[in-house]
Amino acid sequence: GQNIDQPTEMTATEGAIVQINCTYQTSGFNGLFWYQQHAGEAPTFLSYNVLDGLEEKGRFSSFLSRSKGYSYLLLKELQMKDSASYLCAVSATTSGTYKYIFGTGTRLKVLA
Amino acid sequence: DAGITQSPRHKVTETGTPVTLRCHQTENHRYMYWYRQDPGHGLRLIHYSYGVKDTDKGEVSDGYSVSRSKTEDFLLTLESATSSQTSVYFCAIRGRVNEKLFFGSGTQLSVL
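Residues numbered from 1 in each chain as written. Chains lettered and ligands numbered in written order. Predicted model: local features only at pLDDT ≥ 70, side-chain atom pairs only at ≥ 80, totals over all residues. Heavy atoms only, no water.

Caption draft 1: Spotlight on the state of the cysteines. If you walk through the whole model with that rule in mind, you get 2 disulfides over all chains. Note that Cys22(A) is cross-linked by a disulfide to Cys88(A), the S-S spacing being 2.0 Å. Judged by the sign of its S-S torsion, about -70 degrees, the cystine formed by Cys22(A) and Cys88(A) is left-handed. Here Cys22(A) is found in strand E3 (residues 18–25), whereas its partner Cys88(A) is found in strand E9 (residues 84–94), with 66 residues between them in sequence. In this structure, Cys22(A) and Cys88(A) share a single accessibility class: buried. The partner cysteine of Cys23(B) in its disulfide is Cys91(B), sulfur to sulfur 1.9 Å. Because the torsion about its S-S bond is -75 degrees, the bridge between Cys23(B) and Cys91(B) counts as left-handed. Here Cys23(B), found in strand E3 (residues 19–25), pairs with Cys91(B), found in strand E9 (residues 87–94); they are 68 residues apart in sequence, far enough to count as distant. (Disulfide = S-S within 2.5 Å. Helix = DSSP H or I, 4+ residues; strand = E, 2+ residues; numbered from the N terminus. Buried < 20%, exposed > 50% of the residue type's maximum accessible area, 1.4 Å probe, protein only.)

Following this line, the structure appears as structure tokens:
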């Protein structure tokens, strides 16, 4: 089967750094994605890791270790607008087709 | 937005009635997905399609059927709606760059 775990909720202060962890178990792994979702809106793409290591994109970075089934999303210089849910998702190949499985999401609250 | 639209945006219906949700894309993507999102469960895959007339089940497919008679449209049908199917439904397409998913704006469905 496939399973993705991430914390339900986190709180951080404006200007700080926060790390959101994600662990997964899956067969046919193709890649790991992070999405941001503001309340009442659709998820939007943040980052993608297919190989081990760190991918940096502005204030956001994502790390992947395939051998450990582990990823994290790092948000720097937190802003109030970063208050949102962050979804970890895994792409996996099943019978030659691509499925995307999501974790339950981490709700991040940024406090002034 | 990768040219993806969902209709309707909101729907209220009664238990036992059939309901069809439509997902339309304009960019000839091969893969299309239907998810439902509920508090505490995150995004759960209902069905997906990897081509015209090619579909497969996701993790929560019971009570749902899909059809894809042409590339641009992927329909989700609740044959006999139940209150447990009250949810927000998202359609997504798999992009060609980084294989990331693009989401539609969602459909809020209430079954009374």
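Caption draft 2: Summary view of the sheet that holds strand E1 (residues 4–7) of chain B. Residue and element names in this part refer to chain B. The strand order across the open sheet built from 4 strands is E1-E3-E8-E7, with neighbouring strands paired in antiparallel fashion. Because the sheet does not close on itself, it has two edges, and the strands there are E1 and strand E7 (64–70). Sheet twist, expressed as the average angle between the axes of neighbouring strands with direction ignored, equals 20 degrees. Bridging between E1 and E3 involves 4 bridges; their strand directions are antiparallel. Counted as the bridge partner of Ser-7 is Arg-22 from E3. (Pairing = 2+ DSSP bridges. Axes fitted to C-alpha atoms, helices over the stretch in contact; angles between N-to-C directions.)

Caption draft 3: Structural detail: the sheet that holds E3(A). Residues and elements named next belong to chain A. On the basis of which strands lie adjacent, the open sheet formed by 5 strands has the order E1-E3-E8-E7-E6 and antiparallel pairing. The open sheet is flanked by strand E1 (3–5) and strand E6 (53–57), the only strands paired with a single partner. In this sheet, adjacent strand axes meet at a mean angle of 15 degrees when their direction is disregarded. Judged from the 3 bridges that link them, E1 and E3 form a sheet pairing that is antiparallel. By the bridge assignment for E3, Asn-3 is matched with Gln-25.

Caption draft 4: Examining the pairing of strand E11 (residues 106–111) of chain A more closely. Residues and elements named next belong to chain A. Across the two faces of E11 the burial differs, with Thr-106, Leu-108 and Val-110 buried and Arg-107, Lys-109 and Leu-111 not buried at all. Bridge count between strand E2 (residues 9–13) and E11: 5 bridges; the pairing is parallel. From the neighbouring strand, Glu-9 faces E11, where its bridge partner is Arg-107. Pairing of E9 with E11, which is carried by 3 bridges, proceeds in the antiparallel orientation. The partner of Ala-84 across the bridge, within E11, is Leu-108.

Caption draft 5: Quick peek at the interface of chain A and chain B. Tallying the contact residues gives 18 residues for chain A and 22 residues for chain B. Between chain A and chain B the total buried area reaches about 1,700 Å² when both faces are included, carbon and sulfur atoms providing 58% of it. Of all residues in chain A, Tyr98(A), Tyr100(A) and Phe102(A) give up the largest surface area on contact with chain B, accounting jointly for 32% of the area buried on that side. The interface formed by chain A and chain B includes 8 residue pairs in polar contact (both at pLDDT 80 or more). The element best represented in the side of chain A that touches chain B is strand E10 (residues 97–102) of chain A, accounting for 6 residues. Broken down by class, the residue content of the side of chain A that touches chain B amounts to 11 nonpolar, 5 polar and 2 charged. (Contact = heavy atoms within 4.5 Å. Buried area = accessible area lost by both parts, 1.4 Å probe. Polar contact = N/O pair within 3.5 Å; in protein donor to acceptor, adjacent residues only side chain to side chain. Nonpolar A, V, L, I, M, F, W, Y, C, P; charged D, E, K, R; others polar.)

So yeah, pure geometry; function would need other evidence.
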